[in-house]
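# Examination of the molecular architecture
Take a look at the letters that make up each chain.
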Amino acid sequence: MRWEYKILKLQVGDSESLERTLDDWGEAGWELVAAYPDPQQDGHSPKVVAVFKSVAISIPSLETRLHAR
């Protein structure tokens, strides 16, 4: 099975809003696999870095993607 990942910075200010965002990603087929505080805080509302994974439908081989960089 192949996976694809998304890394997002999410605002933590309102727990209900954060929960809705996580629910939306879950409904779209993404699983939250890690979350940690954003190490580069900008003095505004705190953010968390969230890592999601989902089953990849079609993704080129790793070798192909690395050579394209």
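Residues numbered from 1 in each chain as written. Predicted model: local features only at pLDDT ≥ 70, side-chain atom pairs only at ≥ 80, totals over all residues. Heavy atoms only, no water.

Across its full length, the chain carries 2 helices and 3 strands. Order of helices (α) and strands (β) in the chain, N terminus to C terminus: β-α-β-β-α. Looking at the chain as a whole, 19% of its 69 residues are labelled buried. When contacts within the chain are restricted to residue pairs at least 6 apart in sequence, those whose partners lie at least 24 apart make up 61%. (Helix = DSSP H or I, 4+ residues; strand = E, 2+ residues; numbered from the N terminus. Buried < 20%, exposed > 50% of the residue type's maximum accessible area, 1.4 Å probe, protein only. Contact = heavy atoms within 4.5 Å.)

As a further point, take the packing of aromatic side chains. Going through the model one piece at a time under the given rule, you end up with 2 aromatic pairs. Ring geometry for W25 and W30: centres 5.9 Å apart, planes at 75°, overall edge-to-face. By relative accessible area, W25 is classed as partly exposed at 22%. Within the aromatic cluster, the residues linked to one another by ring pairs are W25, W30 and F52. Between the NZ or CZ atom of K53 and the centre of the ring of W3, over which it lies, the distance is 3.9 Å. (Phe/Tyr/Trp six-rings, centres within 6.5 Å; stacked < 30°, edge-to-face > 60°. Lys NZ or Arg CZ within 6 Å of the ring centre and 35° of its normal.)

With that out of the way, let us pick up the nonpolar core. Grouped together as the largest cluster of nonpolar side chains are 6 residues: L10, L18, W30, V48, A50 and F52. Looking at this core, the element that brings in the most residues is strand β3 (residues 47–55), giving 3 residues. (Core = buried A, V, L, I, M, F, W, Y, C linked by side-chain atoms within 4.5 Å.)

Right, let's get into the sheet that holds β3. On the basis of which strands lie adjacent, the open sheet formed by 3 strands has the order β1-β3-β2 and antiparallel pairing. Lying at the two open borders of the sheet, with one neighbouring strand each, are β1 (3–11) and β2 (31–37). Averaged over all pairs of adjacent strands, the angle between their axes in this sheet comes to 20°, without regard to strand direction. Pairing between β2 and β3: 6 bridges, direction antiparallel. Bridge pairing in β3 links P37 to V48. Against the sheet, helix α1 (residues 15–27) makes contact with β1, β2 and β3, and its axis sits at roughly 165° relative to β1, the strand it touches most. (Pairing = 2+ DSSP bridges. Axes fitted to C-alpha atoms, helices over the stretch in contact; angles between N-to-C directions.)

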